[in-house]
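The primary structure of each chain is shown beneath.
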Amino acid sequence: MSRTKDASDHRPKTPPDHVRAVPVRRPGRWIAVLVIGVLIAQFLHLVLTNQNLHWDVVGQVFTYRTVVRGLSFTLLLTVLAMMIGIVGGVLLAVMRLSNNPVLSGVSWVYVWVFRGTPVLVQLFFWNFLGAIIPDIGLGIPFGTTFVEWSYNDLVGLFTAATLCLGLNEAAYFSEIVRAGTLSVDEGQSEAAASLGMTRSQTLRRIVLPQAMRVIIPPTGNQTISMLKTTALVSAISLEELTRAALDIGNRTLYVIPALIAASLWYLAFTSILSIGQYYIERHFARGSNRTLPLTPIQRARARLGVPSKGKGIT
């Protein structure tokens, strides 16, 4: 009895009015912030005060007529190469997933060759293929040729660059489509088959729409990568953005300012593509996430206390 009484005497008779919570101290985080802040400040000081960067020249080169024309070639080359890559990649993925061993084998060899050799080597190959095949003709195989063209006249620099980048992209995109297709549960295909749908109908209406959630993110990354990979075509003297900037830099001896101007164009369009990729991913995520994350505009509205428009999932 005495022990119980002594223990009860030490208990607080009334609960404390206020509990003071002490946040966990993280000195390492503040040290890292300080170090990064100093490095950023030094970088900005270098960029803004270094007279050798010639920002006035950067502004002139940025809007120079040759650079803008090279930018248009870069964008057109990116669009055409991605179109060829997407169409060819879907076809190769379907062939790879086919039960026909010939189609599957041909697709595997194609991917093996184009993924196993550098893009620059492929670019030189397409450019100098006329030395091996000087003429291209249509006619009876191993027989009479009815129509014939010169390879160099038929395949110019832009065409060679488009074919190289597009066919190379098809090999990578086929693996993206194949991975997305395999991510869909097999029960979906079995249910579609029980409803009498053919294999092609199942692929178009059931499998691919669900696989888009897996396909879209790497497709966006490949598009951004393609925009930058087009700089390689400068090796065959095609005047795209990088080649145009280098030509101006070599003529004026302002190489670094010219490259900075080209880099700013690349950064601008990769940023636009990144924003588009974000919203496309968000659109296809509606079938898997009950609550979608807030967009940057919605987060800014929430911080400012501005009510968001609309109700439900946006």
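Given the structure is predicted, the values throughout are model-derived calculations rather than measurements.

Peer 1: Tell me about the packing of helix H4 (residues 65-96) against helix H5 (residues 101-116), and name the residues and values.
Peer 2: Between H4 and H5, the shortest axis-to-axis distance is 7 Å and the interhelical angle comes to 130 degrees. In terms of axis orientation, H4 runs oblique to H5. Where H4 crosses over H5, the two elements pack in a sense that is left-handed. Where H4 approaches H5, its residues Leu-92, Met-95 and Arg-96 are matched on the opposing element by Leu-103, Ser-104, Val-106, Ser-107, Trp-108 and Tyr-110. Residue composition of the contact of H4 with H5, grouped by class: six nonpolar, two polar and one charged.

Peer 1: Summarise the packing of aromatic side chains; cite the residues concerned and give the values.
Peer 2: Centre distance and the angle of the planes are the two values used to describe a pair of aromatic rings. Taken as a whole and assessed by the stated rule, the structure comprises seven aromatic pairs. A centroid spacing of 6.3 Å and a plane angle of 25 degrees characterise the contact between Phe-124 and Phe-128, whose relative ring orientation is stacked. With a centroid separation of 5.2 Å and 85 degrees between ring planes, the pair formed by Tyr-278 and Tyr-279 is classed as edge-to-face. A connected cluster of aromatic rings, assembled from ring pairs, spans Phe-62, Trp-265 and Phe-269.

Peer 1: So what's going on with the pairing of strand E1 (residues 135-139)? Residues and values would help.
Peer 2: Where E1 and strand E2 (residues 145-150) come together, five bridges link them in antiparallel fashion. Bridge pairing links Asp-135 to Ser-150 in E2. In textbook terms, the turn of a hairpin is the stretch between consecutive antiparallel strands, and for E1 and E2 this stretch comprises five residues, one of which, Phe-142, has a positive phi near 60 degrees.

Peer 1: Would you mind going over the packing of H4 against helix H12 (residues 255-284) in detail, with residue names and values included?
Peer 2: Two numbers describe how H4 lies on H12: the axes approach to 11 Å, and their chain directions differ by 40 degrees. When the axes of H4 and H12 are compared, the pair comes out oblique. Classified by chirality, the crossing of H12 by H4 is right-handed. Contact with H4, carried on its side by Val-67, Leu-71, Thr-74 and Leu-75, involves Trp-265, Tyr-266 and Phe-269 of H12 and no other residues of that element.

Peer 1: Hey, could you go over the confidence of the model for the protein chain for me, with residue numbers and the actual values?
Peer 2: Per-residue confidence for the protein chain gives a mean pLDDT of 84; residues scoring 70 or more make up 89%. The lowest-confidence element of the protein chain is helix H1 (residues 2-9), averaging 53 in pLDDT; the highest-confidence one is H4, averaging 94. Low confidence marks residues 310-314, where pLDDT is under 50. Its contacts with residues over four positions away, or in another chain, come to five contacts.

Peer 1: Explain the environment of Leu-208 to me, using residue names and the numbers behind them.
Peer 2: Within the secondary structure, Leu-208 is located in helix H10 (residues 199-229). C-alpha separation for the pair Leu-208 and Thr-181, spaced 27 residues apart in sequence, amounts to 6.5 Å.

Peer 1: Which residues make up unusual backbone geometry, and what values go with them?
Peer 2: Backbone geometry places His-54, a non-glycine residue, at a positive phi of 55 degrees. Of note, His-54 is situated in the loop between helix H2 (27-49) and helix H3 (55-62). Residue classification places His-54 among the partly exposed residues on the basis of a relative accessible area of 27%.

Peer 1: Can you tell me about a nonpolar patch on the surface, naming the residues and giving the values?
Peer 2: Among the surface-exposed residues, Leu-138, Ile-140, Phe-146, Val-147, Trp-149 and Leu-154 lie close enough to one another that they form a single nonpolar patch of about 590 Å² accessible area. If you trace the backbone, Leu-138 turns up in strand E1.

Peer 1: Would you mind going over helix H6 (residues 119-127) in detail, with residue names and values included?
Peer 2: Within the sequence span of H6, burial applies to Val-119, Gln-122, Leu-123 and Trp-126. End-on, the buried residues of H6 take up no more than an arc of 105 degrees, which puts them together on one face. Against the buried residues of H6 lie H5, helix H7 (151-154), helix H8 (157-182) and H10.

Peer 1: Kindly report on the pattern of salt bridges, identifying the contributing residues and their values.
Peer 2: For the structure on display, the rule yields four salt bridges. Among the ionic pairs, Arg-96 bridges to Glu-175, the shortest N-O distance being 3.2 Å. Residue Arg-96 is located in helix H4, and its partner Glu-175 is located in helix H8; the two are separated by 79 residues in the primary sequence. The class for Glu-175 is buried, based on a relative accessible area of 17%. Ionic pairing is found between Asp-247 and Arg-243, a salt bridge with its closest N-O pair at 3.7 Å. Of this pair, Asp-247 and Arg-243 are both found in helix H11 (residues 241-252), four residues apart, which corresponds to roughly one turn of the helix.

Reading guide: rules and limits
- Residues numbered from 1 in each chain as written.
- Predicted model: local features only at pLDDT ≥ 70, side-chain atom pairs only at ≥ 80, totals over all residues.
- Heavy atoms only, no water.
- Axes fitted to C-alpha atoms, helices over the stretch in contact; angles between N-to-C directions.
- Helix = DSSP H or I, 4+ residues; strand = E, 2+ residues; numbered from the N terminus.
- Parallel < 35°, antiparallel > 145°, perpendicular 65-115°, else oblique.
- Left-handed = near helix turned anticlockwise from the far one by under 90°.
- Contact = heavy atoms within 4.5 Å.
- Nonpolar A, V, L, I, M, F, W, Y, C, P; charged D, E, K, R; others polar.
- Phe/Tyr/Trp six-rings, centres within 6.5 Å; stacked < 30°, edge-to-face > 60°.
- Pairing = 2+ DSSP bridges.
- pLDDT = per-residue confidence, 0-100.
- Buried < 20%, exposed > 50% of the residue type's maximum accessible area, 1.4 Å probe, protein only.
- Patch = residues over 30% accessible without salt bridge, like charges linked within 9 Å, V, L, I, M, F, W, Y side chains within 5 Å.
- Areas by Shrake-Rupley, 256 points an atom, 1.4 Å probe, with all protein chains shown as cover.
- Salt bridge = Lys/Arg side-chain N within 4 Å of Asp/Glu carboxyl O.
- Arc of directions from axis to C-beta.

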